[in-house]
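Descriptive analysis of the structure
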Amino acid sequence: MTNRACIIAVGNEVVHGFIVNTNSAWLARELGELGFDVAYHLSVNDREEELVGRIKAALEEGLFVVTTGGIGPTVDDRTRQAAAQALEAELKLDHDALAKLHERYSAVGCKFPEGSERQCMRPEGSRFIHNAFGTASCFLARHGDGGIAVLPGVPRELKGIWGEELRAAIIEEFGLHERYFSREVRVFGIPESDLNNRVQEQLESKEAE
């Protein structure tokens, strides 16, 4: 059975067009290489009720949901709470993550900001994913045939977390063994319909071998 996935970018600034969402395109390629069939991308505002509904609907379809954004220390960062509700799990403080965050601030001689412990919350039963590139910790949870991975919206952090820890964790959790590759071929001077016929001929000849 093919694993299916979707990507949800969270934030009013994304929905209203103040930030161009490059994360979803990047994640779609990465998920595709792991063998996931990416069903869709969504951009959702910071309203918790709507986000819960979107995540829950995707989980009920058996999708692996990857969210970006909404996991910072401010009151409008609601992705953690929404994920916990969708998973029907209690949101708990990860004390190891909190200790690492305290160490991070101490290392640069800064006082721990009030409210920053929100960035160390995760649903009970989820897997802690360390963020060595920022202050917001992440998590990964299985749910039926799918699950959810919650990531920050800052592209540098997202890509760093994916490469350093999350990608390997997804392979392990889903028992993935195959990798998929794609190649871009640029053509000119030929109608799209003719190109389609030539490609189909090549595919059919390969299948016949």
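Shown above is the structure to which this text applies.
These remarks concern the structure in this document. (Residues numbered from 1 in each chain as written. Predicted model: local features only at pLDDT ≥ 70, side-chain atom pairs only at ≥ 80, totals over all residues. Heavy atoms only, no water.)

Some remarks on the packing of aromatic side chains
What counts here: Aromatic pairs are defined between Phe, Tyr and Trp rings, using the six-membered ring for Trp, whenever the two ring centres lie within 6.5 Å; interplanar angles under 30 degrees are classed as stacked, those over 60 as edge-to-face, and all others as tilted. Every helix listed is a DSSP run of H or I at least four residues long, and every strand listed is a run of E at least two residues long, numbered separately from the N terminus. Distance and angle both matter: a charge sits over a ring if NZ of Lys or CZ of Arg is within 6 Å of the ring centre and within 35 degrees of the ring normal.
Scanning the entire structure with this criterion turns up five aromatic pairs. Geometrically, the ring pair formed by Trp-26 and Trp-162 is edge-to-face, given 6.2 Å between the ring centres and 80 degrees between the ring planes. In this pair, Trp-26 is assigned in helix 2 (residues 23–33) and Trp-162 in helix 6 (residues 155–174), connecting sequence segments 136 residues apart. Grouping aromatic residues by their ring pairs yields a cluster made of Phe-36, Phe-64 and Phe-174. In this arrangement the basic side chain of Arg-142 is found over the ring face of Phe-174, its NZ or CZ atom lying 4.0 Å from the centre.

A closer look at the nonpolar core
What counts is decided by this rule: Each nonpolar core is a collection of buried residues, namely Ala, Val, Leu, Ile, Met, Phe, Trp, Tyr and Cys, held together in the definition by side-chain atoms within 4.5 Å. Between buried and exposed lies partly exposed: a residue is buried under 20% and exposed over 50% of the maximum accessible area for its type, with that area taken using a 1.4 Å probe on protein chains only.
The biggest cluster of nonpolar side chains holds 44 residues, and the ones touching the most others in it are Phe-36, Phe-64, Leu-166 and Ile-170. It is helix 6 that provides the largest number of residues to this core, a total of seven residues. Ranked by size, the runner-up nonpolar core spans seven residues in total, among them Leu-101, Tyr-105, Phe-112 and Cys-120.

Considerations on the layout of surface pockets
Leftover empty space is mapped by rolling, across the atoms, a probe with the size of a water molecule. Stated precisely, the cut-off is as follows: Buried and open spaces are told apart on a 1 Å grid over the protein atoms alone, a cavity being a set of points where a 1.4 Å probe fits but cannot get out and a pocket being an open set with protein on both sides within 12 Å along at least five of seven lines. Residues with an atom within 4 Å of a point are the lining residues. Grid points are joined across faces, edges and corners, and a volume is the space filled by probe spheres set on the points. The nonpolar class holds Ala, Val, Leu, Ile, Met, Phe, Trp, Tyr, Cys and Pro. Asp, Glu, Lys and Arg form the charged class, and all remaining residues, Gly among them, are polar.
Taken as a whole, the largest pocket encloses approximately 260 Å³ of empty space. Lining the largest pocket are 20 residues; nearest its centre among them are Val-10, Glu-13, Val-14, Ile-19 and Gly-153. Only strand 1 (4–10) and helix 1 (12–15) provide two or more residues apiece to the lining of the largest pocket. The class makeup of the residues in the lining of the largest pocket is seven nonpolar, nine polar and four charged.

Let's talk about the state of the cysteines
Under the convention used in this document: By convention in this document, the label disulfide applies to cysteine sulfur atom pairs within 2.5 Å.
Taken as a whole, this structure holds zero disulfides when the rule is applied. We note that Cys-120 lacks a disulfide partner, and the nearest cysteine sulfur, in Cys-138, lies 11 Å from it. Residue Cys-120 is classed as buried on the basis of its relative accessible area of 1%. For Cys-138, a relative accessible area of 2% corresponds to the buried category.

Keep in mind these values describe shape, not function.
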